[in-house]
Amino acid sequence: NFDATSNDPKTSQPTMSTKKEGEASSSSSCDEKVVVQTVGNSTNIAWHTSTVCRNDYNKQNQHGSTILWFTGLSGSGKSTLANAVNKTLHHRQIQTYILDGDNVRHGLCQDLGFSDTDREENIRRVGHVASLFVDAGMIVLTAFVSPFGKDRDLVRGLMRRRKEDG
C-alpha cells in the first residue's frame, strides 16, 4: 500500500513511500520515493523507480552511462561516425545503443514531419528515450539533425534533473 506521507520540496507534489515504517534500507542505491504529479496532459502520474537503478547497472557494467549526441546536416556522416564509435565501444565490452534519426522516424516519430515544431518534438521524444537507456546503464549514441540549441539544452537539462533525482 502507498500512503501519501509528505510533499516533495522541489515540486510541492505529494510523495509516497514504498518502504514500510521501520523497514531496513536495501543494498540498492535506488531512491524508492514516488512523486505523484501532472505531466503534460496526464494527471496522477507517478515515476516508478526500479529496484535496480543506473548506479547498479553502472557498477555491473564497470562503466558509466551517458548520451553521446552526434549532430549535423543531413548526409554529413552522423550515423557513420556513431556506428564507428559504437563498434569500438562494443569491442571494449561497453554497453551501448544507437538512436538514429531515420530509424526513430520509422516508429516512435513516424507522425512527425520536418517543420521546426516537429523537429523540436522529435528531439524531445528522443531525449526522453535516451535518458531511459542511460538509466539502464548504457552509453547512448544519438545521430540527429538537431538544429536548435534550445532543444539540445532541453535534453541536457533532462539529464541533469535525472542525475539529481537518481
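See above for the structure.
Read on for a plain summary of the structure. Residue positions are counted from 1 within each chain, in the order its sequence is given. Local features in this predicted model are restricted to residues of pLDDT 70 or higher, and side-chain atom pairs are both shown and tallied only at a pLDDT of 80 or more, whereas totals for entire chains, interfaces and linings draw on every residue. As a rule here, side-chain values come from all non-hydrogen atoms in the structure, and water together with hydrogens is ignored.

**Regarding the nonpolar core**
Counted only if it meets this: Take the buried residues of types Ala, Val, Leu, Ile, Met, Phe, Trp, Tyr and Cys, join any two whose side-chain atoms come within 4.5 Å, and each joined set is a nonpolar core. In this scheme, a residue with accessible area under 20% of its type's maximum is buried, one over 50% is exposed, and one in between is partly exposed, where area comes from a 1.4 Å probe on protein chains only. Secondary structure elements follow DSSP: runs of H or I of four or more residues count as helices, runs of E of two or more count as strands, with numbering from the N terminus. In this analysis, two residues are considered to be in contact whenever any of their non-hydrogen atoms come within 4.5 Å of each other.
Counting residues in hydrophobic clusters, the biggest one holds 13 residues, and the most contacted among them are Ile-67, Leu-99, Val-104, Val-140 and Phe-144. Among the elements that line this core, the one with the most residues is helix H4 (residues 116-135), at four residues. In contact with Phe-144, other than residues within four places in its own chain, are Phe-70, Thr-71, Gly-72, Lys-78, Leu-99, Asp-100, Gly-101, Val-104, Asn-122, Ile-123 and Val-126. Within the second largest apolar cluster, five residues are counted, among which are Phe-70, Ala-82, Ile-98 and Leu-141.

**Comments concerning helix H2 (residues 78-91)**
Defined as follows: A helix is expected to span 1.5 Å multiplied by its residue count minus one. The directions from the helix axis to the C-beta atoms form the arc being described.
Taking 1.5 Å of rise per residue, the 14 residues of H2 would be expected to cover 20 Å, and the 20 Å separating its terminal C-alpha atoms lies within 8% of that figure. When we look at burial in H2, the residues that qualify are Lys-78, Ala-82, Asn-86 and Leu-89. The arc that holds every buried residue of H2, seen down its axis, measures 65°, which confines them to one face. The exposed residues of H2 that point more than 90 degrees off its buried face are Thr-80, Lys-87 and His-91. Against the buried residues of H2 lie strand S5 (66-71), strand S6 (96-100) and strand S7 (139-144).

**A few points about the layout of surface pockets**
Which entries qualify depends on this criterion: Points on a 1 Å grid over protein atoms alone make up a cavity when a 1.4 Å probe fits among them but cannot get out, and a pocket when they form an open set with protein on both sides within 12 Å along at least five of seven lines; lining residues each have an atom within 4 Å of a point. Grid points are joined across faces, edges and corners, and a volume is the space filled by probe spheres set on the points.
Approximately 300 Å³ is the volume found for the second largest pocket. Along the walls of the second largest pocket sit 17 residues, with Ser-74, Lys-78, Gly-101, Asp-102 and Val-145 positioned nearest its centre.

**Overview of the sheet that holds S5**
What counts here: Note on pairing: two strands pair once DSSP finds at least 2 bridges between them. Inter-axis angles, ranging from 0 to 180 degrees, are taken between N-to-C directions of lines fitted to C-alpha atoms, where helices are fitted over the stretch in contact.
Reading across the sheet, the three strands line up as S5-S7-S6 and stay open at both edges, with parallel pairing between neighbours. Strands with a single pairing partner mark the edges of an open sheet, and in this sheet they are S5 and S6. The sheet shows a mean angle of 15° between the axes of neighbouring strands, direction not considered. Of the pairings in the sheet, the one linking S6 to S7 comprises five bridges and is parallel in character. Bridging from a neighbouring strand, Asp-100 pairs with Ala-143 of S7. Strand contacts of H2: S5, S6 and S7, with the helix running at about 165° to S7, the strand carrying the most contacts. Against the sheet, H4 engages S5, S6 and S7, with an angle of about 165° to S7.

**Examining the pairing of S7**
Among the six residues of S7, six are classified as buried, and the element is accordingly described as predominantly covered. Neither face of S7 is exposed, since Ile-139, Leu-141 and Ala-143 on one face and Val-140, Thr-142 and Phe-144 on the opposite face are all buried. Here six bridges tie S5 to S7, and the two strands are oriented parallel to one another. Residue pairing for S7: Phe-70 is matched across the bridge by Ala-143.

**Regarding the pattern of salt bridges**
Keep this limit in mind: By definition here, a salt bridge exists when the distance from a side-chain nitrogen of Lys or Arg to a carboxyl oxygen of Asp or Glu is within 4 Å.
A complete count under the given rule lists five salt bridges for this structure. Here Asp-111 makes a salt bridge to Arg-125, at a shortest N to O gap of 2.8 Å. Of this pair, Asp-111 sits in the loop between helix H3 (101-104) and H4 while Arg-125 sits in helix H4, and the two are 14 residues apart along the sequence. We classify Asp-111 as exposed; its relative accessible area is 54%. Where Arg-125 meets Glu-121, a salt bridge forms, and the shortest distance between an N and an O atom there is 2.8 Å. A residue pair is termed a helical-turn pair when its members lie 3 or 4 positions apart in one helix, as Arg-125 and Glu-121 do in helix H4 at four residues. Overall, Arg-125 belongs to the buried group, its relative accessible area being 18%. The network of salt bridges with common partners includes Asp-111, Glu-121, Arg-124 and Arg-125.

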